[in-house]
Each structure stands twice: as structure tokens, then as C-alpha cells.
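Each chain, letter by letter, is given below.
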Amino acid sequence: MTANPLFGRDVISMTDFDRDDVKAVFKMTERCKKEGKSSALNQKIIASCFFEPSTRTRFSFEAAAFRLGAEVLGFGNEQMLSVKKGESLHDTVRMLDQYADLMVIRHPLEGSARLAAEVAEIPVINAGDGANQHPTQALTDVFTIQECQGRLDGLAIALVGDLKYGRTIHSLVELCALFDIRLYLVSPEALTLTDAFCDRLKKRSVRFSFHQTIEEVISSVDILYLTRIQRERFLKCSFISDPEELVLRPELLKKARSHLKILHPLPRLAELPREIDETPFACYFDQARNGLFVRQALLTMILNETVT
Ligand code: CP
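Criteria and thresholds
- Residues numbered from 1 in each chain as written.
- Predicted model: local features only at pLDDT ≥ 70, side-chain atom pairs only at ≥ 80, totals over all residues.
- Heavy atoms only, no water.
- Axes fitted to C-alpha atoms, helices over the stretch in contact; angles between N-to-C directions.
- Helix = DSSP H or I, 4+ residues; strand = E, 2+ residues; numbered from the N terminus.
- Parallel < 35°, antiparallel > 145°, perpendicular 65-115°, else oblique.
- Left-handed = near helix turned anticlockwise from the far one by under 90°.
- Contact = heavy atoms within 4.5 Å.
- Nonpolar A, V, L, I, M, F, W, Y, C, P; charged D, E, K, R; others polar.
- Near = heavy atom within 4 Å.
- Polar contact = N/O pair within 3.5 Å; in protein donor to acceptor, adjacent residues only side chain to side chain.
- Areas by Shrake-Rupley, 256 points an atom, 1.4 Å probe, with all protein chains shown as cover.
- Domains from an automatic or database assignment.
- Buried area = accessible area lost by both parts, 1.4 Å probe.
- Salt bridge = Lys/Arg side-chain N within 4 Å of Asp/Glu carboxyl O.
- Pairing = 2+ DSSP bridges.
- Buried < 20%, exposed > 50% of the residue type's maximum accessible area, 1.4 Å probe, protein only.
- Right-handed = clockwise from strand over helix to strand, strands pointing away.
- Phe/Tyr/Trp six-rings, centres within 6.5 Å; stacked < 30°, edge-to-face > 60°.
- Lys NZ or Arg CZ within 6 Å of the ring centre and 35° of its normal.

Chemist: Sorry if this is basic, but what is going on with the packing of helix 3 (residues 89-99) against helix 4 (residues 112-119) here?
Modeler: The packing of two helices is summarised by the inter-axis angle and the distance between the axes. Running from N to C, helix 3 and helix 4 cross one another at 50 degrees; their axes reach a closest spacing of 9 Å. Regarding the angle of helix 3 to helix 4, the classification is oblique. In this structure, the crossing between helix 3 and helix 4 has a hand that is right-handed. Residue-level contacts link Leu 89, His 90, Val 93, Arg 94 and Asp 97 of helix 3 to Ser 112, Leu 115, Ala 116 and Val 119 of helix 4. Taken together, the residues of the contact of helix 3 with helix 4 sort by class into five nonpolar, two polar and two charged.

Structure representation (C-alpha cells):
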């Protein structure tokens, strides 16, 4: 392992990371959280390319860049781009490659971030490609889990909601598989984790089981990770109704372990009522804030060889 294993790398999928990479990112995240602003990226330019809507990922990446002294160029939708004149993603990426030192990209097409990384000379960070991957969210999630529970190995985590189309879930299960974490997969049958993911979990000896209600698992887990149903990803199957069994009704928390923490990548819908915000179990706003420090750590490490 080199002193800084992230230097010059793309961040496209959680499958590209090993345990040492994750530990190095978390160490730098703790440092960024403690030290705040720095001039680590003075003279650097970050391209912030969001072809899909975003609140947390876009603004935390941009805030992270500003906190490191970098300049940011970019867009929050493609309406102002020459994509509207028919320019391809390939050519758009080739242009941004000339103007920036690192590219953050969110795009509705699965595989778009990998394509951008193949085209660009500069490092590319995947900020979400369709229903595929959202690696910086998973790093944020697992950093928060370690922070609130004091460990990762030996934990039991329930993943609740849309496990089929949720890209945060796809990255999170890959990251959990690097640790000794037991997974409870809670979803309607039509939205469960795909066979391809389950096969990978089996190969890596991850313990997991399937469930259809929060009630079945709430007393067995240390982390309840809720997600919304990703309706924008399956319009053709919109017969799937919002499952009542996956709404975290406050009374369900009576059965929870006292140290349970609730995470959610946000945005939330009906599955996470606002009454939960005031309970000691709620951790999702801390989680969203940690996204800033995780992204600060990634930008610092990718663009600076000598940081450790
Ligand atoms: N968690 C997440 O990706 O949120 P945004 O879509 O607002 O970026």
C-alpha cells in the first residue's frame, strides 16, 4: 500500500475499493472534520457535472471544494449545455477534461461514470449513475455508522426500501461486504436485491436474510438504513404501491435496541416521518453533514500525492 492509495484514482464503484482504501479515506475524513478549511487544493479546478437533480451530493462536493481552496465550474442540469444541440456525453467529457483537474459526474445512465473515466485523463468521481452505484454516499454511510457505533465488525444492519433500484444500496452492500456485517434485507418482493448482488454476497460469505416488514427486524439490528422507493427508475412498473410495512411508525421504536441509529441517504418520503427526527435514534442529518467531510477527504487525497 502506498502512503496515499487514492492519489490520481477514479472513484466509480465501491467494488474498486479494499479495506485499506476505506480506512485511509476515513482517517482523512476525521482529519477534515477536525481541521475544517485548508488550502490543500489552491489553484485546482473541480468540474461539478450534474445531469440529474441533487441537493446533498452536489452542494457537499462544491462546499468541500471551496473549503479546500479550489475553484468550481459546473452545472445542475443539462439545459445550458451543447448536449441540447446533440453533443454526446463522450465529447462533453472530453471538453471538461481540458478545463478542470477533477470531474464529479452524476448522470441517469448506468455506466456513464465509467465511460467518463475511460474518456477523461483527469480523475473522475461517480456522484450517482442511474440505478447502478453511488460510492461517495456509501463511504459517507459507513463512516457515519463507524462514528455512531464505534465499530463496524460485528454489527447487524437492516437495509429497508427499494433494494433493486437504489444505487446507494448497491454501493452500501459492496462496502459492508468488506467488514463482518450481518445484513437484513427488507423490501417488497418486487424490489428486492437482485440475484447478481446476492451471489456476490454469498461468495464473500456475507450473512444475509430477506424480510418484508420493519417490525420483523427492528429488535435485531444496530442500524436501520431506510431508503425511498425510486419511482423515477421504474415508471413502467408503477403498479407497485408504497408499502405501509416499510414506513417507520414511531411506535415501532419501542422494540428497538437502545443504541439503534437510523440512517437515510435522503431525500425522504413517507417512509421516514418527521416525528422520528426528535428521537435519539435519528442520525440522518449527521450522516448528510458527514458527506461534506468524506468528499473533502476524497478530493484532498485524489489530488495530493503526499497527504497521509
Ligand atoms: N443522497 C443523495 O444522493 O442526495 P441527493 O440526490 O440530494 O444528492
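Chemist: What is the right way to read the site of the ligand from this model?
Modeler: Close contacts around the ligand come from Ser 54, Thr 55, Arg 56, Thr 57, Arg 106, His 134, Gln 137, Pro 265 and Leu 266, and that covers them all. Here an oxygen atom of the ligand sits 2.9 Å away from a polar atom, N or O, in the side chain of Arg 106. The separation between a nitrogen atom of the ligand and a polar main-chain atom of Pro 265 is 2.9 Å. Protein contact buries 91% of the 260 Å² of open area that the ligand shows by itself. Counted by class, the shell around the ligand contains two nonpolar, five polar and two charged residues. Taken domain by domain, the makeup of the shell around the ligand includes at least three residues from each of domain 1 (2-133 + 291-307) and domain 2 (135-288).

Chemist: How should I be thinking about the domain arrangement of the protein in this particular structure?
Modeler: When the parts come together, some accessible area is lost, and that loss is often what is quoted as the size of the interface. For the protein, the domain assignment lists domain 1 (2-133 + 291-307) and domain 2 (135-288). Put simply, the middle of domain 1 and the middle of domain 2, counted by C-alpha atoms, are 25 Å apart. Counting from both sides, the interface comprises 33 residues of domain 1 and, opposite them, 27 residues of domain 2. For the pair domain 1 and domain 2, the summed buried area comes to about 2400 Å², and 61% of that belongs to carbon and sulfur atoms. One can count three salt bridges joining domain 1 with domain 2. Here domain 1 and domain 2 share 11 residue pairs in polar contact (both at pLDDT 80 or more) between them. Sorting the residues of the side of domain 1 that touches domain 2 by element identifies helix 1 (19-35), helix 2 (56-67), strand 3 (102-107), strand 4 (124-129) and helix 9 (284-303) as the ones contributing at least two each. Take the side of domain 1 that touches domain 2: its biggest share by element is six residues, from helix 1. Within the side of domain 1 that touches domain 2, the residues separate by chemical class into 13 nonpolar, 11 polar and nine charged.

Chemist: Hey, could you run me through the sheet that holds strand 3 in this one?
Modeler: If you trace the four strands from one edge of the open sheet to the other, you get 2-1-3-4, paired in parallel fashion. Each edge of the open sheet carries a strand with a single partner, namely strand 2 (71-75) and strand 4. Put simply, the sheet's adjacent strands are angled 15 degrees from each other on average, direction ignored. Note: strand 1 (residues 45-50) against strand 3, five bridges, orientation parallel. Following the sheet pairing, Ser 48 is matched in strand 3 by Val 104.

Chemist: Explain the side chain of Ser 209 here, please?
Modeler: Among the secondary structure elements, Ser 209 is positioned in strand 7 (residues 208-211). In terms of polar contacts, Ser 209 uses its side chain to reach the side chain of His 211, at 2.8 Å.

Chemist: Please explain the pairing of strand 5 (residues 156-160) as it appears in this structure.
Modeler: Of all five residues that make up strand 5, five are buried, and the element is covered over most of its length. Of the two faces of strand 5, both are covered, the one formed by Ala 156, Ala 158 and Val 160 as well as the one formed by Ile 157 and Leu 159. In the sheet, strand 5 pairs with strand 6 (residues 182-186) via five bridges, with the strands oriented parallel. Residue pairing in the sheet places Ala 158 in a bridge with Tyr 184 of strand 6. With helix 6 (residues 167-176) bridging strand 5 and the parallel strand 6, this β-α-β connection has right-handed handedness. Two strands pair when backbone bridges link them, and strand 5 and strand 8 (residues 223-226) are joined in this way by four bridges, in the parallel orientation. Bridge pairing in strand 8 links Val 160 to Leu 226.

Chemist: So what exactly am I meant to see when it comes to unusual backbone geometry here?
Modeler: Leaving glycine aside, a negative phi is the common case for residues, and trans is the common case for peptide bonds. The amide bond that connects Leu 266 to the next residue, Pro 267, takes the cis arrangement and shows omega of 5 degrees. Assignment of secondary structure puts Pro 267 in the loop between strand 9 (261-263) and helix 9. Even without being a glycine, Gln 43 presents a positive backbone phi close to 75 degrees. The residue Leu 266 is not glycine, and still its phi comes out positive at about 60 degrees. Tracing the chain through its elements places Leu 266 in the loop between strand 9 and helix 9.

Chemist: Would you explain the packing of aromatic side chains in this entry?
Modeler: A ring pair, where both rings are aromatic, is described by two values, the distance of the centres and the angle of the planes. Taken as a whole and assessed by the stated rule, the structure comprises four aromatic pairs. Judged by centre distance (5.5 Å) and plane angle (75 degrees), the ring pair of Phe 26 and Phe 143 falls under edge-to-face. With a gap of 117 residues between them, Phe 26 in helix 1 and Phe 143 in helix 5 (residues 135-149) connect regions that are remote in the sequence. Seen from the ring of Phe 17, Arg 9 lies directly overhead, with NZ or CZ sitting 5.2 Å from the centre. The lysine or arginine in question, Arg 200, covers the ring of Phe 197, its NZ or CZ lying 4.8 Å from the ring centre.

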